[in-house]
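Descriptive structure summary
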Amino acid sequence: MSWGRSCKLPASSCTLKLQAERIKRQSVVPSLANTGWLLGQLLFAALIISLYLSFFMLKADLNSKPIPVIGSLRGIAASMVCFDHFISTVGYIENEKIKSAFALGRTGVFIFFVISGIVIPLSMIRGGYTIGNWGNFMLKRVARLEPPYLASIILALCYFKIRMIIAGSSAVHLPVFPSSKDVALHIGYLVPFAGAKWIQPPYWTLCIEFQYYIALSLLLPLALNGNSKSRYCFYFIFLAIPFILPHDAFFPLYAPLFLIGILYAFSIMNIIESKEYLNVTALCIVVSFITLPFVDTIAAGLLTLLIVQYLPGLTNKVLKFLGNISYSIYLIHKITGSALINILSHRFRAGYQKPIVIMTGYLFTIACSYVFYRIIEKNSQKLSSRIKYKKHDPSLSVDGKMDQVV
């Protein structure tokens, strides 16, 4: 048996030597993995300690102020999700370290969940929400979310059809065009209930958000009636349901992440004391640690809170711009940036060309998202802002715009 010029020993000795080297290399992998795990745990512990200290040493007065950093975090989270999907383009980026690093972009989704946990209750509390406003609240959410969502579905279907026409006979290798049933189930986010398939993978989080809106709109009055027992019942529901329905396609599994944001909103509005905030947040962390598969998911949530707490005014023109179009970015990046990267990846294979291709895809996504925002999303914002609660003070807003969606 020949092993090439590097092996001048007899075959049996060479085999043993190679096996020994392989075992040695393999033994390093667990060591590196353990080191990474340890660093992750230390970071996680540091975030928890920092969170606790922040409320004892430096509690920002945000109960009646805009929070510009929320918009910045939206833009960053949307970009994180983009790069996660762009880097995972099949067969293009081969370096496992790079792929693993950008895979952390998936936590952008959970940053959105925590932001939604902060923003939506703040909007409801500042707007004087009561159960009598349930219809108006849901109408505002539908007016704000559905037009861009439905428009992105139409664009996605057009993209799939054009791709099949261009591919011609080789279209057999492409994913099957969505059935009429699958498309219809996207209305009302019924896809997971019927075991159907999402037209675009990012839509699953919109389903989670919509379920959260329904749950929060029905349960929030329970937490705001001034009775501590009712408030703890509210907490118990959010902490218990992940164990009742631990399915990743439904809101209950992620309820503790949303509750982390809700608790923060309660705290800065002086609805609860710091002690209650910290104790229930600790329970959220414990439940999330048990029910969610990734520690970095929880760490992302805690880091989001710390940034909002310590850097509420953090923004600039670029981050504000990205925050404004973040929903559009999230909706269409798969049929714009990912599509362009897929096309270019067949031609530009050199190592130095790949980062250029990825950035080109990202910039193309931003350009398309801005056009989408101006034509579709901005109009849905205006439509939603016209729908008022019975008691509403438009001067009190989360980030300068009461109806800016997460």
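To continue, consider the overall build of the protein. Helix and strand content of the protein: 16 helices and zero strands. Across the 406 residues that make up the protein, the buried fraction comes to 49%. The long-range fraction of contacts in the protein, counting pairs at least 24 apart against all pairs at least 6 apart in sequence, stands at 79%. Carbon and sulfur atoms provide 68% of the accessible area of the protein, an area that totals close to 20000 Å².

Peptide bonds are trans in most cases, and residues, glycine excluded, mostly fall at negative phi. Here the phi dihedral of Y189 falls at roughly 55 degrees; this positive angle occurs in a residue that is not glycine. With respect to the helices, strands and loops of the structure, Y189 is situated in the loop between α6 (180-184) and α7 (191-194). Although it is not a glycine, N270 sits at a positive phi angle of roughly 60 degrees. Relative to the assigned elements, N270 resides in the loop between α10 (255-268) and α11 (274-291).

Two elements in contact, helix α8 (residues 203-223) and α10, have axes whose closest approach is 12 Å; the angle formed by their N-to-C orientations is 40 degrees. Comparing their axes, α10 and α8 come out oblique. Between α8 and α10 lies a crossing whose hand is right-handed. Between α8, through I208, E209, Y212, L216, L220 and A223, and α10, the contact on the second element is made entirely by F258, I262 and F266. A breakdown of the residues in the contact of α8 with α10 according to their chemical character gives eight nonpolar, no polar and one charged.

The next subject is the pattern of salt bridges. Two side chains bearing opposite charge may form a pair once their charged atoms approach each other closely. Here the structure, examined in full by the defined rule, presents three salt bridges. E96 is the partner of K99 in a salt bridge, and the nearest nitrogen-oxygen pair spans 3.7 Å. In this pair, K99 and E96 are both assigned in helix α3 (residues 96-103), three residues apart and thus about one turn of the helix distant. Among the ionic pairs, R231 bridges to E276, the shortest N-O distance being 2.7 Å. One end of the pair, R231, is in helix α9 (residues 228-244); the other, E276, is in helix α11, and 45 residues separate them in sequence. Each member of the pair, R231 together with E276, is buried.

Turning our attention to the environment of K354. One can find K354 in helix α16 (residues 353-385). It is 7.6 Å that separates the C-alpha atoms of K354 and I93, two residues lying 261 residues apart in sequence. Among all residues touching K354, those that are not within four sequence positions of it are Y92, I93, E94, F348 and R349.

Averaged over every residue, the pLDDT of the protein is 83; residues scoring 70 or more account for 78%. Across the protein, the element-wise mean pLDDT spans from 49 in helix α1 (residues 11-57) up to 98 in helix α14 (residues 326-332). Low pLDDT, under 50, characterises residues 20-33; the predicted model gives this stretch zero contacts beyond four residues in sequence or across chains. Low pLDDT, under 50, characterises residues 392-406; the stretch is placed with 52 contacts to residues that sit more than four places away or in other chains.

Conventions adopted
Residues numbered from 1 in each chain as written. Predicted model: local features only at pLDDT ≥ 70, side-chain atom pairs only at ≥ 80, totals over all residues. Heavy atoms only, no water. Helix = DSSP H or I, 4+ residues; strand = E, 2+ residues; numbered from the N terminus. Buried < 20%, exposed > 50% of the residue type's maximum accessible area, 1.4 Å probe, protein only. Contact = heavy atoms within 4.5 Å. Areas by Shrake-Rupley, 256 points an atom, 1.4 Å probe, with all protein chains shown as cover. Axes fitted to C-alpha atoms, helices over the stretch in contact; angles between N-to-C directions. Parallel < 35°, antiparallel > 145°, perpendicular 65-115°, else oblique. Left-handed = near helix turned anticlockwise from the far one by under 90°. Nonpolar A, V, L, I, M, F, W, Y, C, P; charged D, E, K, R; others polar. Salt bridge = Lys/Arg side-chain N within 4 Å of Asp/Glu carboxyl O. pLDDT = per-residue confidence, 0-100.

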